[in-house]
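Notes for the structure review
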Amino acid sequence: MAAVYGCEVHSFDPSINQSSHRRSDKVWFHNKGIDGQDKIHHPKPKPPMMAPSTPWIMNTLRTIRTDLGHLSRHIDILKMDVEKSEWLALPDMLTSHMLDDVGQLFVEFHWKVEPQRFKTIEKLIVLRSLYDAGFRIFYSHKNTRTIYKYRSNLKERVFCYEVYFINIKYV
């Protein structure tokens, strides 16, 4: 993107234990994640390593944009694959108006069927709020690498969906 279009690219991922650095003239890596609040997250150890992970710095989009000096800048594309934090981050982004100047929003939604009905309703409210804010889906597909097999009936379901939105304010 940076080489072809000349745009700035900022990537964020606290899970790979890599320090923040500049990758090239217009490309930066930041050792932090996005969430609905500023916090330190202590991830659970995962097999096969099982060693405690380094705590992750998690910030809201407002904090990230403030730290970068980007509060008043238009964002052409905001892409998120944040392992279920999208359900916490998106409501905050909407209420803080941090998506008002985003032209396109690409999100990998993690949607495992919840036994508690209210959790599913909360997710539907987030999707409706994106629509109300001017975001329209222009492309979506299942992420078939994320199959969940139910023990009760052995049915398989995909639980990650890539959904790409365009902000109609910029069309």
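Now for a look at the structure at hand. Source: prediction; values computed, not measured. (Residues numbered from 1 in each chain as written. Predicted model: local features only at pLDDT ≥ 70, side-chain atom pairs only at ≥ 80, totals over all residues. Heavy atoms only, no water.)

Applying the stated criterion across every chain, the model contains six salt bridges. Linking K32 and D67 is a salt bridge whose minimum nitrogen-to-oxygen distance equals 3.4 Å. In this pair, K32 is assigned in the loop between β3 (27-30) and β4 (33-34) and D67 in helix α2 (residues 61-68), connecting sequence segments 35 residues apart. On the basis of relative accessible area, D67 is assigned to the exposed category, the value being 52%. (Salt bridge = Lys/Arg side-chain N within 4 Å of Asp/Glu carboxyl O. Helix = DSSP H or I, 4+ residues; strand = E, 2+ residues; numbered from the N terminus. Buried < 20%, exposed > 50% of the residue type's maximum accessible area, 1.4 Å probe, protein only.)

On to a nonpolar patch on the surface, then. On the surface, a nonpolar cluster with roughly 470 Å² of combined accessible area is contributed by M1, V4, Y5 and I77. By the secondary structure assignment, Y5 is in helix α1 (residues 2-5). Residue classification places Y5 among the exposed residues on the basis of a relative accessible area of 64%. (Patch = residues over 30% accessible without salt bridge, like charges linked within 9 Å, V, L, I, M, F, W, Y side chains within 5 Å. Areas by Shrake-Rupley, 256 points an atom, 1.4 Å probe, with all protein chains shown as cover.)

Located in the positive-phi region is N17, a residue other than glycine, with phi close to 50°. Relative to the helices and strands, N17 resides in the loop between β1 (9-12) and β2 (21-24). Assessed through its relative accessible area of 53%, N17 is described here as exposed. Even without glycine at this site, H97 takes up a positive phi of about 65°. Note that H97 resides in the loop between α3 (86-95) and β8 (102-110). Residue class for H97 comes out partly exposed when judged on its relative accessible area of 49%.

Right, let's talk about the packing of aromatic side chains for a bit. A full pass over the atoms with the stated rule returns six aromatic pairs. Considering the side-chain rings of F109 and F165, the 6.3 Å spacing of their centres and the 80° angle between planes classify their relative orientation as edge-to-face. In this pair, F109 sits in strand β8 while F165 sits in strand β12 (residues 160-167), placing the two residues 56 residues apart along the sequence. With relative accessibility at 3%, the residue F109 sits in the buried group. Residue F165 is classed as buried on the basis of its relative accessible area of 3%. Geometrically, the ring pair formed by Y139 and Y164 is tilted, given 5.5 Å between the ring centres and 55° between the ring planes. With Y139 in strand β9 (residues 135-142) and Y164 in strand β12, this residue pair connects regions lying 25 residues apart in the sequence. Seen from the ring of Y131, R136 lies directly overhead, with NZ or CZ sitting 3.6 Å from the centre. (Phe/Tyr/Trp six-rings, centres within 6.5 Å; stacked < 30°, edge-to-face > 60°. Lys NZ or Arg CZ within 6 Å of the ring centre and 35° of its normal.)

In regular strands, side chains alternate between the two faces of the sheet. The sheet contact formed by strand β7 (residues 75-80) and β8 spans five bridges and is parallel. Bridging from a neighbouring strand, L78 pairs with L105 of β8. Read from β7 through α3 to β8, the crossover connection turns out right-handed. (Pairing = 2+ DSSP bridges. Right-handed = clockwise from strand over helix to strand, strands pointing away.)

This part is about α2. Burial in α2 covers these residues: L61, T63, I64 and R65. Residues of α2 that are buried sit in contact with β1, β4, β6 (56-59), β7 and α3. (Contact = heavy atoms within 4.5 Å.)

Attention now goes to the pairing of β8. In terms of residue burial, β8 counts as a mostly covered element, since eight of its nine residues are buried. Pairing between β8 and β12: seven bridges, direction antiparallel. Across the sheet, the residue bridging to Q104 is I166, located in β12.

Spatially, the three strands line up as an open sheet ordered β1-β3-β2, and their pairing is mixed. In this open sheet, the two strands that pair with only one neighbour each are β1 and β2. When the angles between neighbouring strand axes are averaged without regard to direction, this sheet yields 25°. In this structure, β1 lies alongside β3, joined through four bridges in parallel fashion. The residue of β3 that forms the bridge with H10 is W28. (Axes fitted to C-alpha atoms, helices over the stretch in contact; angles between N-to-C directions.)

That's the geometry; what it means functionally is another story.
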